[in-house]
Amino acid sequence: MSPLLEPPASDEVAPFWDATRRGKLVLPWCRSCERPFWYPRATCPRCLGDTVEWRQARGDGTVYAVSVQHQPGPGRDAADGPYAVALIDLDEGVRVMGNVLACAAADVHVGMSVRVTWQALSDGRQLLQFAPRE
Amino acid sequence: MTEHALRAAAAIVGVADAVSPTGELDLHGRVLEAKVVREALADAGLTIGDVDGICYGGSAPGVAEYLGIQPRFMDGTMTGGSSYELHVEHAAAAIASGLGDVVVGLYAATPRSDRARRGARGRLGTPPGPNPMFEWEMPYGLRLPIGAYALAASRHMAVYGTTSEQLAQIAVDARRWASMNPRARYQQSITIDDVLASPMRASPLHRLDCCLVTDGAGAFVMTSAARAHSLAKPPVYVLGAASCSDHSMITAMPDLTVTAGAISGPAAFKQAGITTADVDVLMSYDSFTITALLHLEDLGFCAKGEGGAFVEDAKLGPGGALPMNTNGGGLSYTHPGQYGMFLLVEATRQLRGESGERQLRGPQIAVAHGSGGVLSTMGTVVLGAEATR
């Protein structure tokens with residue numbers, strides 16, 4: 001796979017990116033409404049609560065929607081061929097984006113069970129990714 | 001103000017657009033903006049000196065200075081392709097409440113000829129910035145905007161059994177309208193098989209499920225209903241206008257099968273005092289076939305999930321029960337990037353009886369429904385001819 005367009009690391013979500021260095025997925029939970037949210041930020045998008053606790057997620061999820069990119073998107077190379085971009089509903093109740101790796105892109109489907117896997121970034125962080133759950 | 005203060009308080013009195021079957025225009029930038037404003041004002045029988053309000057999808061003061069306007073009403077709303085429906089909504093409110101008397105809205109973009117001017121193919125790259133999209137979406141290589149719409153289509157298919165053939169019918173009907181529009185970019189008829197045989201871009205969307213990339217520009221002029229009567233053309237009244245935005249990134253869209261049009265549509269219809277049965281022509285943003293299908297459901301022309309079956313009998317095309325996108329739409333007429341302006345121009349022309357070979361018989365009510373971002377912001381405008389006032 002060609003080099004990714006690597007994500008910036010915003011200051012307010014340092015605990016998220018730090019956890020990825022250890023291969024751990026943590027989600028931001030609002031201490032006020034006691035629910036996780038996505039995307040990670042310092043303020044709860046439901047209640048504007050500003051106390052966030054980072055809790056480890058199980059790492060299991062289900063494909064909510066998927067599109068196979070037949071032309072390369074940002075940071076990708078045509079030589080890599082088609083790849084699947086999916087929205088994944090984690091069991092904790094948040095929806096995240098990811099590629100579904102370790103299987104043929106065409107086999108990824110809505111309702112498919114997936115689990116977290118990691119892809120190395122150049123600075124030691126890891127990118128949240130997914131693979132089929134056996 | 002009463003609950004229905006917007007109803008028929010303001011009218012579109014002038015329109016213009018600049019497009020070419022070649023897909024390219026000679027003018028660009030401020031010069032092109034000035035051209036369509038000039039022509040829209042001439043269409044209305046007004047001059048730039050009459051204008052005291054401006055709507056622009058960006059910084060309004062800069063373009064106002066260039067045009068020599070000292071506006072007392074400015075709207076710089078930028079919600080992507082639906083910006084121009086939101087501009088009408090805001091201009092109607094401004095005029096109704098006396099904030100402005102004559103408001104001009106405009107748009108110009110020349111992505112196609114820009115390529116030659118830059119001497120390089122493709123879009124300009126966007127450097128990473130504070131936008132959360134760069135942190136949480138960009139690394140996954142989703143092509144935008146198509147990828148976001150493809151995700152929505154995949155979800156709609158999985159939940160409701162919608163098929164590629166049903167989506168293709170929308171493109172086929174748009175092309176049938178375009179065949180009656182000599183200014184349309186593509187006028188040759190196509191079949192469902194043609195759409196399905198066109199290259200897959202982002203599954204499940206094929207090339208012919210996607211709108212065009214063309215140059216294009218358009219403008220409208222609005223004034224009070226009272227003043228509208230003394231001007232050059234029959235007034236087209238704004239009977240209702242409403243908007244709603246429910247996300248910015250596709251990851252944050254609450255339900256990929258339901259757009260904010262489910263809020264803006266019924267709100268605009270209520271203002272106008274109409275139901276879907278009253279709509280004679282629907283100008284509905286068709287950035288992709290799935291976009292138009294979602295609009296049909298969310299505006300209430302059919303139930304949620306039934307859009308596929310609803311379009312199957314070609315009722316959106318010429319001679320059909322619900323004429324949609326009679327100019328050929330973003331799929332076949334023109335699409336410079338933010339197509340919402342052209343929805344308003346064609347709706348106005350249909351209500352005035354100016355649409356040539358594709359003219360409907362005496363339409364009284366038109367709906368222009370704009371969609372911006374990645375199914376993010378919807379703007380619905382209900383327009384009416386004289387008898388609806």
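Residues numbered from 1 in each chain as written. Chains lettered and ligands numbered in written order. Predicted model: local features only at pLDDT ≥ 70, side-chain atom pairs only at ≥ 80, totals over all residues. Heavy atoms only, no water.

Q: Outline the overall build of chain B, supporting the account with residue identities and numerical values.
A: A count of helices and strands for chain B gives 14 helices and 11 strands. At 20 Å, chain B has a C-alpha radius of gyration in line with the 21 Å of a compact globule built from 389 residues. Looking at chain B as a whole, 62% of its 389 residues are labelled buried. Pairs at least 24 apart in sequence give 74% of the contacts found in chain B among residues at least 6 apart. Carbon together with sulfur atoms contributes 52% to the accessible area of chain B, which is approximately 13400 Å² in total. The positive charge centre, built from 29 side chains, and the negative charge centre, built from 37, are 5 Å apart in chain B. (Helix = DSSP H or I, 4+ residues; strand = E, 2+ residues; numbered from the N terminus. Rg over C-alpha atoms; globule rule 2.2 N^0.38 Å. Buried < 20%, exposed > 50% of the residue type's maximum accessible area, 1.4 Å probe, protein only. Contact = heavy atoms within 4.5 Å. Areas by Shrake-Rupley, 256 points an atom, 1.4 Å probe, with all protein chains shown as cover. Lys, Arg positive; Asp, Glu negative; His and termini not counted. Charge placed at Lys NZ, Arg CZ, Asp CG, Glu CD.)

Q: Can you tell me about the sheet that holds strand 7 (residues 216-224) of chain B, naming the residues and giving the values?
A: All names here are of chain B. Read across the open sheet, the nine strands follow the order 3-2-4-7-1-8-11-10-9; overall the sheet is mixed. The two strands at the open ends of the sheet, each matched to only one other strand, are strand 3 (73-75) and strand 9 (281-284). In this sheet, adjacent strand axes meet at a mean angle of 20° when their direction is disregarded. Bridge count for strand 2 (residues 53-56) against strand 3 is three bridges, and the pairing is parallel. Residue pairing across strands places C55 opposite D75, the latter belonging to strand 3. Helix 14 (residues 340-352) rests against strand 1 (10-18), strand 4 (103-109), strand 7, strand 8 (236-245), strand 9, strand 10 (365-372) and strand 11 (377-384) of the sheet, and its axis sits at about 115° to strand 1. (Pairing = 2+ DSSP bridges. Axes fitted to C-alpha atoms, helices over the stretch in contact; angles between N-to-C directions.)

Q: Any details on the layout of surface pockets? Residues and values, ideally.
A: Here the second largest pocket defines a volume of roughly 410 Å³. Looking at the second largest pocket, it is lined by 18 residues, and the ones nearest its centre are A:W38, A:Y39, A:P45, B:T251 and B:A252. (1 Å grid on protein atoms, 1.4 Å probe; cavity = no way out; pocket = protein on both sides within 12 Å on 5 of 7 lines; lining within 4 Å. Points joined across faces, edges and corners; volume = space filled by probe spheres on them.)

Q: Requested: an account of the packing of helix 1 (residues 29-44) of chain B against helix 2 (residues 60-67) of chain B, with residues and values cited.
A: All names here are of chain B. Contact geometry of helix 1 with helix 2 gives a least axis separation of 11 Å together with a crossing angle of 70°. As summarised for this structure, helix 1 and helix 2 are arranged roughly perpendicular, according to the angle between their axes. Considering how the two elements wind past one another, helix 1 and helix 2 form a crossing that is right-handed. Between helix 1, through R30, V31, E33, A34 and V37, and helix 2, the contact on the second element is made entirely by G62, V63, Y66 and L67. Taken together, the residues of the contact of helix 1 with helix 2 sort by class into six nonpolar, one polar and two charged. (Parallel < 35°, antiparallel > 145°, perpendicular 65-115°, else oblique. Left-handed = near helix turned anticlockwise from the far one by under 90°. Nonpolar A, V, L, I, M, F, W, Y, C, P; charged D, E, K, R; others polar.)

Q: Tell me about helix 6 (residues 146-160) of chain B, residues and numbers included.
A: Residues and elements named next belong to chain B. The end-to-end C-alpha distance of helix 6, which contains 15 residues, comes to 21 Å, matching closely the 21 Å that a straight helix rising 1.5 Å per residue would cover. Taken as a whole, helix 6 has its buried residues at I146, G147, A148, Y149, A150, L151, A152, A153, S154, R155, H156 and M157. Downstream of helix 6 by a residue or two, G161 has a phi angle that is positive, lying close to 75°. (Expected span 1.5 Å × (residues − 1).)

Q: Explain the side chain of A:R41 to me, using residue names and the numbers behind them.
A: All names here are of chain A. Within the fold, R41 resides in the loop between strand 2 (35-36) and strand 3 (52-56). Of the side chains with opposite charge, E12 comes closest to the buried, unpaired R41, at an N-O distance of 6.8 Å. One polar contact links the side chain of R41 to the main-chain carbonyl oxygen of Y39, over a distance of 2.7 Å. When sequence neighbours within four positions are dropped, the list of residues in contact with R41 reads E12, V13 and V52. (Salt bridge = Lys/Arg side-chain N within 4 Å of Asp/Glu carboxyl O. Polar contact = N/O pair within 3.5 Å; in protein donor to acceptor, adjacent residues only side chain to side chain.)

Q: Describe the confidence of the model for chain B, listing the residues and the values that go with them.
A: In this model, chain B carries an average pLDDT of 93, and 96% of its residues clear a pLDDT of 70 or more. With pLDDT under 50 throughout, residues 120-130 of chain B is counted as low confidence; its partners more than four residues away or in other chains account for 11 contacts. (pLDDT = per-residue confidence, 0-100.)

Q: Explain the interface of chain A and chain B to me, using residue names and the numbers behind them.
A: Contact with chain A, which involves 37 residues of that partner, is made by 29 residues of chain B. For the pair chain A and chain B, the summed buried area comes to about 2800 Å², and 62% of that belongs to carbon and sulfur atoms. Our count for the chain A to chain B interface comes out at zero salt bridges. Linking chain A to chain B there are 18 residue pairs in polar contact (both at pLDDT 80 or more). Elements supplying a minimum of two residues to the side of chain A that touches chain B: helix 1 (14-21), strand 4 (60-69), strand 5 (83-90), strand 6 (95-99) and strand 8 (126-132) of chain A. When the residues that make up the side of chain A that touches chain B are grouped by side-chain class, the tally is 26 nonpolar, nine polar and two charged. (Buried area = accessible area lost by both parts, 1.4 Å probe.)

Q: Can you lay out the pairing of strand 2 of chain B for me, pointing to particular residues and giving the numbers?
A: Residues and elements named next belong to chain B. Neither face of strand 2 is open: one carries G53 and C55, the other I54 and Y56, and all of them are buried. Tracing the backbone out of strand 2, into helix 2 and back to the parallel element strand 3 gives a crossover that is right-handed. Pairing analysis gives four bridges linking strand 2 to strand 4, with the strands arranged parallel. Residue pairing in the sheet places I54 in a bridge with V104 of strand 4. (Right-handed = clockwise from strand over helix to strand, strands pointing away.)

Q: So, the sheet that holds strand 3 of chain A: which residues are in play, and what are the values?
A: Residue and element names in this part refer to chain A. Pairing in this open sheet of three strands is antiparallel, and the strands run 2-1-3 from one edge to the other. Strands with a single pairing partner mark the edges of an open sheet, and in this sheet they are strand 2 and strand 3. Here strand 1 (residues 26-30) pairs with strand 2 via two bridges, running antiparallel. Of the residues in strand 2, the one forming a bridge with W29 is P36.

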